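Descriptive structure summary
These are the residues of each chain, in order.
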Amino acid sequence: MAGPLVGLKVLDMSRILAGPWLTQILADLGAEVWKIERPGGGDDTRSWGPPFLKDDAGNDTRDSAYFQAANRGKKSICVDIRSVEGQEIVRMLAAKADVFVENYKVGDLSRKGLGYDDIAKINSQIVYCSITGYGQTGPYKDRAGYDMAVQAISGLMSLTGEKSNLPGGGPQKVGVPIADLMTGTLSAAAVIAAYHHSTKTGQGQYIDMALLDVMVSSLANQNMNYIVGNQLPEPMGNAHPNIAPYQVFNTKDGNFVLAVGNDGQYQKFCAVANCPELMEDNRFVSNSARLAHRDLLTGLVQAVVEKETTEYWVENLSKAGVPCSPINNLKEVFEDEQILHRGLQITSKHSRNSAVSMVGSPIKYSLTSVEYQNSPPVLNQHREYILNEILELSDEDRDRLASSIPE
């Protein structure tokens, strides 16, 4: 069957990552997404390379790998929204859309007559989602919000990295733009819920999403460790603040993650490791006791683990039901039998390349399907489709608006 959001029409005025991540999720679920881009360069991330997508002859194109990560399934048209005519085009599309997504600075689109209040006058059922770094209100609302800055101010970087007293210690960012990705994902949930409300009541609404809000709320157990325990969490490297042993251990030929989540799993680990003394020691019999003696336990477990290979531990502990895994690089990830089985790498035909590999959606439905409608578009690829089939512009209107919709 078709995707569950087939029929949903999305006007995408976003760029970079958080907004495009949101609209890619909607496209994967079947929505039609009209991506409005700046004439000339388009979405900033189109030029964020190398690496760049290669054409069939093996030559670099102007399409970065970064752009490919967040824009599949969309239809691109260039519109100059600085002009009155370009603003008219956007309003015409908004009148036909169910969802409007934008991530301009606070007030930018309102000054162009494209804010929520303006759009709601012509489409009262529209769901209008704004994504900014710090939200539409508050003393920081006018600050530019980029992912790393939000990782810093949200507290995430204060928790990430090796202990400050060890080599390489100190605040670290996460290896992917997690604030953007989390915000895009939660925004997708917010948009779908608001659209559901709109279809039931006929009332659209405005959604104010902020990267800072999302990251603070996403600190989860670390938030509550501080609020309940009244102690500031600190970087712990690969260790866990609430569970032990739960970290990276070195093996005979490398390393792996041992993630013991409860007392039963700890007993199973001790059985596989053939170390009954660690199972019976009162200092280690419960998670609370293990936390109280974490450093001692870590040294003892390390002395046991380093006697065997990573493969030995992963195979035997997995059979025993103890959570663990090798630490893969991306080559190993995309060669992994589980990843291959789950179909997370897909191939799609691109306008510049007959077969482009991409990462697919992680969503698996039993009835409806995820839809890979098309590869990430080249700039302005769907101009004629949007003008002719969506807006159904007359020749007279096309001539009048031509300067704002360059070919």
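Quick note: structure is the one above.
Quick summary incoming for the structure in this document. Residue positions are given per chain, counted from 1 along the sequence in the order it is written. Restriction of local features to residues with pLDDT of at least 70 applies here, the model being predicted, together with a cutoff of 80 or more for giving and counting side-chain atom pairs; totals for whole chains, interfaces and linings are based on all residues. Just so you know, side-chain values use all the structure's heavy atoms and leave hydrogens and water out.

1. Things to note about the overall build of the protein
Spelled out, the test is: Every helix listed is a DSSP run of H or I at least four residues long, and every strand listed is a run of E at least two residues long, numbered separately from the N terminus. We call two residues contacting when some pair of their heavy atoms lies within 4.5 Å. Here the accessible surface of atoms and residues is derived via Shrake-Rupley with a 1.4 Å probe, and residues count as covered only by protein chains that are part of the display.
Each helix and strand in the protein was counted, giving 18 helices and 13 strands. Overall, the protein is about 85 × 50 × 40 Å in size when its C-alpha atoms are taken along their principal axes. In the protein, the share of contacts with a sequence separation of at least 24, taken over all contacts with a separation of at least 6, comes to 67%. Accessible surface computed for the protein: about 20300 Å², of which carbon and sulfur atoms make up 52%.

2. Digging into a nonpolar patch on the surface
The criterion, for reference: Each patch is built from salt-bridge-free residues with over 30% relative accessible area, joining like charges within 9 Å and nonpolar side chains (Val, Leu, Ile, Met, Phe, Trp, Tyr) within 5 Å. One side-chain nitrogen of Lys or Arg within 4 Å of one carboxyl oxygen of Asp or Glu is enough to make a salt bridge. Between buried and exposed lies partly exposed: a residue is buried under 20% and exposed over 50% of the maximum accessible area for its type, with that area taken using a 1.4 Å probe on protein chains only.
Together, Met224, Tyr226, Ile227, Val228 and Leu232 make up a nonpolar patch on the protein surface, roughly 570 Å² of accessible area in all. Relative to the assigned elements, Val228 resides in helix α9 (residues 220-229). Given a relative accessible area of 67%, Val228 falls into the exposed group.

3. Some words on the side chain of Ser64
Here is the rule we go by: The term polar contact refers here to a pair of N or O atoms within 3.5 Å; inside protein, the definition further demands a hydrogen-donor-capable atom paired with an acceptor-capable atom, and it admits residues adjacent in sequence only when both atoms are side-chain atoms.
In this structure, Ser64 sits in strand β4 (residues 60-64). The buried category is assigned to Ser64, whose relative accessible area is 0%. A polar side-chain atom of Ser64 sits 3.0 Å from the main-chain amide nitrogen of Phe67. Setting aside anything within four residues of it in sequence, one finds Ser64 in contact with Thr45, Arg46, Ser47, Trp48, Gly49, Pro51 and Phe52.

4. Details of unusual backbone geometry
The peptide bond linking Gly49 to Pro50 adopts the cis configuration, its omega dihedral lying at 10°. Examined against the element boundaries, Pro50 turns out to sit in the loop between β2 (32-37) and β3 (52-54). Here the amide bond leading from Pro50 into Pro51 is cis, since omega sits at 5°, within 30 degrees of zero. The residue Asn230 is not glycine, and still its phi comes out positive at about 60°. Note on Asn230: relative accessible area 61%, which makes it exposed. Phi angles above zero are rare outside glycine, and Asn274 is one such case at about 55°.

5. Notes on the nonpolar core
Condition: Within this scheme, the nonpolar core is defined by two criteria: the residues are buried Ala, Val, Leu, Ile, Met, Phe, Trp, Tyr or Cys, and they are joined through side-chain atoms within 4.5 Å.
Counting residues in hydrophobic clusters, the biggest one holds 31 residues, and the most contacted among them are Val10, Leu22 and Cys129. Going through the elements one at a time, α1 (18-28), β6 (99-102), β7 (127-132), α6 (156-159), α7 (178-201), β8 (205-210) and α8 (211-217) are the ones with two or more residues in this core. Looking at this core element by element, the count peaks at five residues for α1. With residues up to four places along the chain from it excluded, the contact list for Leu22 reads Val101, Cys129, Ile131, Gly184, Ser187, Ala188 and Val191. One finds Tyr104, Leu109, Leu387 and Ile405 within the second-largest nonpolar core, a separate group that totals 27 residues.

6. Quick look at the sheet that holds strand β11 (residues 324-326)
Convention followed: At least two bridges found by DSSP between two strands are what make those strands a pair. Under this scheme, a helix contributes an axis fitted over its contacting stretch, all axes are lines through C-alpha atoms, and angles between N-to-C directions fall in the 0 to 180 degree range.
Across the sheet, three strands lie side by side as β9-β10-β11; this open sheet has antiparallel pairing. Only two strands of the sheet have a single neighbouring strand rather than two, namely β9 (246-250) and β11. Neighbour-to-neighbour, the strand axes of the sheet open up by a mean angle of 25°, direction not taken into account. Strand direction decides the pairing type here: strand β10 (residues 255-259) and β11, joined by three bridges, are antiparallel. Counted as the bridge partner of Val257 is Ser325 from β11.

7. Comments concerning the sheet that holds β8
Spatially, six strands are ordered β5-β2-β1-β6-β7-β8 in an open sheet, and the strand pairing comes out parallel. Every interior strand has two partners, whereas the edge strands, β5 (74-78) and β8, have only one. If you compare each strand with its neighbour and ignore which way they point, the axes differ by 20° on average. Across the sheet, helix α3 (residues 84-96) lies against β1 (9-13), β2 and β6, angled at about 150° from β1, the strand it touches most. Sheet strands in contact with helix α17 (residues 383-390) are β2 and β5, and its direction is about 95° off that of β5.

8. Let's talk about the packing of aromatic side chains
This is how it is decided: Any two rings among Phe, Tyr and Trp, with Trp reduced to its six-membered ring, count as a pair given centres within 6.5 Å; such a pair is stacked if its planes are under 30 degrees apart, edge-to-face if over 60, and tilted if neither. Only when the NZ of Lys or the CZ of Arg is both within 6 Å of the ring centre and within 35 degrees of the ring normal is a charge said to sit over the ring.
Counted by the stated rule, this structure contains eight aromatic pairs. Ring geometry for Tyr116 and Tyr206: centres 5.5 Å apart, planes at 45°, overall tilted. One end of the pair, Tyr116, is in helix α4 (residues 116-122); the other, Tyr206, is in strand β8, and 90 residues separate them in sequence. Looking at Tyr206, the relative accessible area reads 31%, which means it is partly exposed. Plain terms: the ring middles of Tyr134 and Tyr140 are 6.0 Å apart, the flat faces sit at 85° to each other, and that makes the pair edge-to-face. Residue class for Tyr134 comes out buried when judged on its relative accessible area of 10%. Through successive ring pairs, a cluster of aromatic residues spans Phe100, Tyr116, Tyr128 and Tyr206. Directly above the ring of Phe67 sits Arg46, whose terminal nitrogen or CZ lies 3.9 Å from the centroid.

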